[in-house]
Number of protein chains: 2
Amino acid sequence: MDVRVYLSWEWTGWTLYIPPGGDGRLRALPVREGMVEMATQAGAAAKPRAPLSKERVLSAAIALADEGGVDALSMRKIAQMLGVVPMALYKHVANKNELLDGMIDAVVGEIDPPAGDTDWKTAIRRRVLSARRMLLRHPWACEVVESRIKARAMPTPAVMEYLDSMIGIFRAGGFSIDLVHHAMHVMGSRLLGFSQELFEDTSDREPDPDAMAPQEMAARYPHVTELAMAVAHSQESVVGSGCDDQFEFEFALDLTLDGLERLRGTT
Amino acid sequence: MDVRVYLSWEWTGWTLYIPPGGDGRLRALPVREGMVEMATQAGAAAKPRAPLSKERVLSAAIALADEGGVDALSMRKIAQMLGVVPMALYKHVANKNELLDGMIDAVVGEIDPPAGDTDWKTAIRRRVLSARRMLLRHPWACEVVESRIKARAMPTPAVMEYLDSMIGIFRAGGFSIDLVHHAMHVMGSRLLGFSQELFEDTSDREPDPDAMAPQEMAARYPHVTELAMAVAHSQESVVGSGCDDQFEFEFALDLTLDGLERLRGTT
DNA sequence: ACCTGAACACCGTTCAAGT
DNA sequence: ACCTGAACACCGTTCAAGT
């Protein structure tokens, strides 16, 4: 059998053909939706695939990163998740960096819009805490944003919009343009809810077989040990152990905002 | 020629042999220093190779990262730099993570020791500014430390020592253990000189062909534009453009230290 | 006992060929 | 015009074989 039927997509939206060395079945290639196999015998149903789009690619990527972190994210795995060949993704994102930028844009877009009817301090505080809630949903976002900044990439539109409205809140609150500039530097990535820890909580981890013995720990790092014991003790009444990240974040945020308020008064 | 001479390393420190299909030259394998080729004819000098060590591996890795960033760092490139096969590195570091930890340890060790004869605020301030100078020499250190924290790795000994002495300075300055705990969270990775920017200076970059037109920029992001113009203007008298990173870092550091000092007074 | 080449299981991306 | 398989140039690491 050597029949081939080509119909131009411009007229029909489909290309129909019978592959040369195949099983002789008629296949149809819709213009926008990838290949669909159609049975030539009557009654056999077509099994169409959801069309790929930038949104589908991004949400698959975000789901993958939410689950396994940014290390588990690869073009090949995203493609596999979508039941598609890796190269198909490159129709919708130019490369992996553009994919990362798209992911950042999507999650920064989840941050609540600014509340219009409060003072600057409350407005900033609420917004930053909303950003932090977003970041807890998407723990990978922190390092992705940082890596993109380090690569000296232009901030994505959603980040630009976020920063613009934050600057606007400071300005409306009576901050001089110079002080707003300093304020943005002081708040830094905390604006996006980053908590910038130097320690991670280790209490929920498997006991490390070659970890240091407690008495050696106390001898080498007496002040760290004192602090760790105090934190552990103060948390004994509360459920779990380790310190309250949310409290520490708000403590640092408020210390910063209070400092800025004081500066505004004297400038 | 089918002569092979094997001498046990336990007695001589060397293994001598003539490879079967080779040029017939006698070779010597020293126990600790890798293979050295020795000429059999008199007068020809041996050409020994500097023995590999953890220090040599680490300094090659640091040099590579200083030059091309952490993305340019790979086990294979380090090996190439040292004139060695990649697998030879695994004698001195168990894997890449241990290599990264070793690199962190080495550069954190470059931070000046604490000054003993000043008040807590000056001592912390000097030390943090020394950490920042280290970080400017090794810009990759920031992201490597962060990635290791995110991987929930135990801080390396040099980092532990650094944190311990910082806590000690606060304690000696009259801070309660609880307030020290909060202070460490407030200062976060700024303790290591991280500046935590959300913007990178873009003034020295090639003009992006598909960048936004200035008027569109001003329309979409009015507050960002106002701030950018103000910064550019205030810097016109000074050499170069963009803002003074060092000033902004110290501004944020001092605002934080002042806030902590005030809290110490009332707690 | 030490060292190392080849191999394995990945990765992002290019490119020519298929339809 | 769209899609895709094979290939390229990497990567960290395992492992059996060489000496």
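Computed from a predicted structure; not experimentally measured.

1. A word on a nonpolar patch on the surface
All names here are of chain A. Together, Val 85, Met 87 and Tyr 90 make up an exposed nonpolar region whose accessible area comes to about 320 Å². Locating Val 85 in the fold gives a position in the loop between α3 (75–81) and α4 (96–108). On the accessibility criterion, Val 85 (57% relative accessible area) is exposed.

2. Side note on the relation of the copies chain B and chain A
Overlaying chain B on chain A yields an RMSD of 0.0 Å, the required transformation being a rotation through 180° with an accompanying axial translation of 0.0 Å. Classification of the inter-copy transformation places it as that of a two-fold axis. A share of 100% of the interface residues of chain B reappears at the interface of chain A, consistent with the copies meeting face to face through the same patch.

3. What about helix α6 (residues 140–150) of chain A?
In an α-helix, one full turn covers 3.6 residues, which means residues spaced three or four apart are oriented alike. The element α6 of chain A is largely enclosed, with a buried count of 8 among its 11 residues. On its buried face, α6 of chain A is in contact with α2 (54–68), α4 and α5 (120–137) of chain A together with α6 (140–150) of chain B. Positive backbone phi, approximately 60°, marks Arg 152 of chain A, located one or two places after α6 of chain A.

4. A closer look at the packing of helix α10 (residues 222–234) of chain A against helix α8 (residues 177–187) of chain B
Viewed as axis vectors pointing N to C, α10 of chain A and α8 of chain B meet at an angle of 100°, and their least axial separation amounts to 10 Å. In terms of orientation, α10 of chain A lies roughly perpendicular with respect to α8 of chain B. Residues Glu 226, Leu 227, Ala 230 and Val 231 of chain A of α10 of chain A pack against Ile 177, Val 180, His 181 and Met 184 of chain B of α8 of chain B.

5. With respect to the interface of chain B and chain A
Taken together, the contact pairs 59 residues of chain B with 59 residues of chain A. Both faces combined, the contact of chain B with chain A buries some 5,900 Å², and carbon together with sulfur accounts for 65% of it. Of all residues in chain B, Arg 152, His 185 and Leu 198 of chain B give up the largest surface area on contact with chain A, accounting jointly for 13% of the area buried on that side. Taken together, chain B and chain A are joined by 15 residue pairs in polar contact (both at pLDDT 80 or more). Among the elements of the structure, α6, α7 (157–172), α8, α9 (214–220), α10 (222–234) and α11 (245–266) of chain B are those that each provide at least two residues to the side of chain B that touches chain A. Classifying every residue of the side of chain B that touches chain A gives 32 nonpolar, 10 polar and 17 charged.

6. Observations concerning the UniProt feature "domain: HTH tetR-type" (unreviewed entry) in chain A
Mapped onto this numbering, the UniProt entry annotates "domain: HTH tetR-type" (unreviewed entry) at residues 51–111 of chain A. Taken end to end, residues 51–111 of chain A is 57% helix and 0% strand, and its two terminal C-alpha atoms sit 28 Å from one another.

7. Quick word on α10 of chain B
Residue and element names in this part refer to chain B. Counted at 1.5 Å a residue, the expected span for α10 with its 13 residues is 18 Å, and the 18 Å between its end C-alpha atoms agrees. All buried positions along α10 are accounted for by Val 224, Thr 225, Leu 227 and Val 231. For α10, the buried positions fall inside an angular range of 165° around the axis, keeping them on one side. For α10, the exposed residues set more than 90 degrees away from the buried face come down to Met 229 and His 233.

8. Some details on the pattern of salt bridges
Residues and elements named next belong to chain A. With the rule as written, the count across this model stands at 18 salt bridges over all chains. The salt bridge partner of Glu 110 is Arg 137, with a shortest N-O separation of 3.0 Å. With Glu 110 in the loop between α4 and α5 and Arg 137 in helix α5, the pair connects residues that are 27 residues apart, well separated along the chain. Since its relative accessible area comes to 35%, Glu 110 is described here as partly exposed. For the salt bridge of Asp 112 with Arg 133, the shortest nitrogen-to-oxygen distance reads 3.4 Å. Of this pair, Asp 112 sits in the loop between α4 and α5 while Arg 133 sits in helix α5; the two residues are 21 residues apart in sequence, bridging distant segments of the chain. The exposure class assigned to Arg 133 is partly exposed, which follows from its relative accessible area of 45%.

9. A short note on the UniProt feature "DNA-binding region" (unreviewed entry) in chain A
According to UniProt, the "DNA-binding region" (unreviewed entry) feature falls on residues 74–93 of chain A. Between the end C-alpha atoms of residues 74–93 of chain A the distance is 13 Å, and the span holds 35% helix and 0% strand.

Reading the values: rules and limits
- Residues numbered from 1 in each chain as written.
- Chains lettered and ligands numbered in written order.
- Predicted model: local features only at pLDDT ≥ 70, side-chain atom pairs only at ≥ 80, totals over all residues.
- Heavy atoms only, no water.
- Patch = residues over 30% accessible without salt bridge, like charges linked within 9 Å, V, L, I, M, F, W, Y side chains within 5 Å.
- Areas by Shrake-Rupley, 256 points an atom, 1.4 Å probe, with all protein chains shown as cover.
- Salt bridge = Lys/Arg side-chain N within 4 Å of Asp/Glu carboxyl O.
- Helix = DSSP H or I, 4+ residues; strand = E, 2+ residues; numbered from the N terminus.
- Buried < 20%, exposed > 50% of the residue type's maximum accessible area, 1.4 Å probe, protein only.
- Least-squares fit on C-alpha atoms with pLDDT ≥ 70 in both.
- Contact = heavy atoms within 4.5 Å.
- Axes fitted to C-alpha atoms, helices over the stretch in contact; angles between N-to-C directions.
- Parallel < 35°, antiparallel > 145°, perpendicular 65-115°, else oblique.
- Buried area = accessible area lost by both parts, 1.4 Å probe.
- Polar contact = N/O pair within 3.5 Å; in protein donor to acceptor, adjacent residues only side chain to side chain.
- Nonpolar A, V, L, I, M, F, W, Y, C, P; charged D, E, K, R; others polar.
- UniProt positions renumbered as here; feature names shortened; annotations may be inferred.
- Expected span 1.5 Å × (residues − 1).
- Arc of directions from axis to C-beta.

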